[in-house]
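Below are the chains, spelled out letter by letter.
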Amino acid sequence: MRKIKSRKLGNSGNYRFQRIAMIIACVLWIYTAGRLIGTNIAKGNIVESSNMVNAFCENVYNNTSAKITLRGKIADGYLSESARKLILCDMAQTIGIKEYDYGNSTEGNKYYTIIRKNSVNGYVEMSVICDDESTNDNYAVIVVELKNGVGSTEYYRNLVEEIGKRYGINEEVNICLNGDVYGKLDISEMNSISDKLLKEINAKKITERTDEDIYTIYAYDKDIDNYISLGKNKVNVNITMNYNEKNNTTKIYMATPINNEDY
């Protein structure tokens, strides 16, 4: 994790912005108090979870968590620190966090503005990354982790998707659910779990690699709008499993459209 110099920052404050920041300010949405979660990230109104989340909860019981991510290009043109701060404050308001750590860092010719919020129930990190003035490329990265269960996954996916639409991020929101099963599963046991998961969401298996080192399945669910192309096929469900010898557990991941996590 990149080390940054940070301080606590709330949503209040008067900033002096560049012209581009003022344009962005014109499109900020105002959200109801019911969306503001305060110090606990995974509290608040919960939208009914998707079929994938329900299927995962019914088959994986231990240490379940979820990660919702979005990465993509945002505005062209150099963004000052004030402009990046404004964008991130708006994103934080959408997610529903009032106080968070704020900081800046540089790496080569890239400038990072980052806000972070950690709580018992979850973790949020959002950043705007700006290349130097010669390239004028700007990127946003949003990561929402739900630590204690996955029931709020669909709710936060919708919020992250709103942010992506507002800032023209033309990338898919990625969801990765994970949890543990005690002991080392053999191939037949892993096949049994993956078959149940796919059957419950009515997904069709497209391709697979199943051996002792790597167990991964790619499938397609016609009820999920997002997908990526794998050769000539559409895929939007990815199940992976691996064994943790130290904990004597088998880690199970179920992602859409694909698992971008290390496993």
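Data block above holds the structure.
The rules behind the values
Residues numbered from 1 in each chain as written. Predicted model: local features only at pLDDT ≥ 70, side-chain atom pairs only at ≥ 80, totals over all residues. Heavy atoms only, no water. Salt bridge = Lys/Arg side-chain N within 4 Å of Asp/Glu carboxyl O. Helix = DSSP H or I, 4+ residues; strand = E, 2+ residues; numbered from the N terminus. Buried < 20%, exposed > 50% of the residue type's maximum accessible area, 1.4 Å probe, protein only. Core = buried A, V, L, I, M, F, W, Y, C linked by side-chain atoms within 4.5 Å. Contact = heavy atoms within 4.5 Å. Axes fitted to C-alpha atoms, helices over the stretch in contact; angles between N-to-C directions. Parallel < 35°, antiparallel > 145°, perpendicular 65-115°, else oblique. Left-handed = near helix turned anticlockwise from the far one by under 90°. Nonpolar A, V, L, I, M, F, W, Y, C, P; charged D, E, K, R; others polar. 1 Å grid on protein atoms, 1.4 Å probe; cavity = no way out; pocket = protein on both sides within 12 Å on 5 of 7 lines; lining within 4 Å. Points joined across faces, edges and corners; volume = space filled by probe spheres on them.

(A) Spotlight on the pattern of salt bridges. One pass over the structure, following the stated rule, counts 10 salt bridges. In this structure, Lys 67 engages Glu 145 in a salt bridge whose closest nitrogen and oxygen atoms are separated by 3.7 Å. Placement of Lys 67 in strand β2 (residues 62-73) and of Glu 145 in strand β6 (residues 138-146) is noted, with a sequence separation of 78 residues between them. Salt-bridge contacts for Glu 154 lead to Arg 157; the nearest nitrogen and oxygen are separated by 3.2 Å. You can see Glu 154 and its partner Arg 157 sitting in helix α4 (residues 153-166), three residues apart, about one turn around the helix. Comparing Glu 154 with Arg 157 shows no difference in burial state: the two are buried.

(B) Focus on unusual backbone geometry. For the bond running from Thr 256 to Pro 257, omega is -5 degrees, close enough to zero to count as cis. In this structure, Pro 257 sits in the segment after β13 (249-256). Non-glycine residue Asn 63 carries a positive phi angle of around 55 degrees. Looking at the secondary structure, you find Asn 63 in strand β2. Asn 63 sits in the exposed class, given a relative accessible area of 53%. Within the chain, Asn 202 stands out as a residue other than glycine whose phi angle is a positive 60 degrees. With respect to the helices and strands, Asn 202 occurs in the loop between α5 (187-201) and β8 (204-210).

(C) Up close: the nonpolar core. If you look at the biggest cluster of nonpolar residues, it comprises 56 residues, and the most contacted ones within it are Met 91, Ile 95, Met 126 and Val 144. Top element by residues in this core is helix α3 (residues 81-95). It accounts for seven residues. Not counting the four nearest positions on each side in its chain, Val 144 is found in contact with Ala 66, Lys 67, Ile 68, Ile 95, Tyr 123, Val 124, Tyr 156 and Val 160. By size, the runner-up hydrophobic cluster in this structure holds five residues, among which are Tyr 112, Ile 114, Ile 129 and Val 143.

(D) Geometry of the packing of α3 against α4. Axis separation between α3 and α4 bottoms out at 9 Å; the angle between their running directions is 150 degrees. On the basis of their axis angle, the class for α3 and α4 is roughly antiparallel. Once α3 is placed against α4, the crossing between them reads as right-handed. Along its contact with α3, which presents Asp 90, Met 91, Thr 94 and Ile 95, the element α4 presents Tyr 156, Leu 159, Val 160, Glu 162, Ile 163 and Arg 166. Here the residues of the contact of α3 with α4 are counted per class, giving six nonpolar, one polar and three charged.

(E) Here's a closer look at the environment of Glu 58. Considering the arrangement of structural elements, one finds Glu 58 in helix α2 (residues 51-59). Linking Glu 58 and Lys 196, residues 138 residues apart in sequence, is a C-alpha distance of 9.7 Å.

(F) Inspection of the layout of surface pockets at higher detail. Estimates place the volume of the largest pocket at around 450 Å³. As for the largest pocket, its lining consists of 21 residues, of which Glu 154, Arg 157, Ile 224, Asp 225 and Asn 226 are closest to the centre. With six residues, α4 is the single largest residue contributor to the lining of the largest pocket. Its residues assigned to classes, the lining of the largest pocket shows seven nonpolar, five polar and nine charged.

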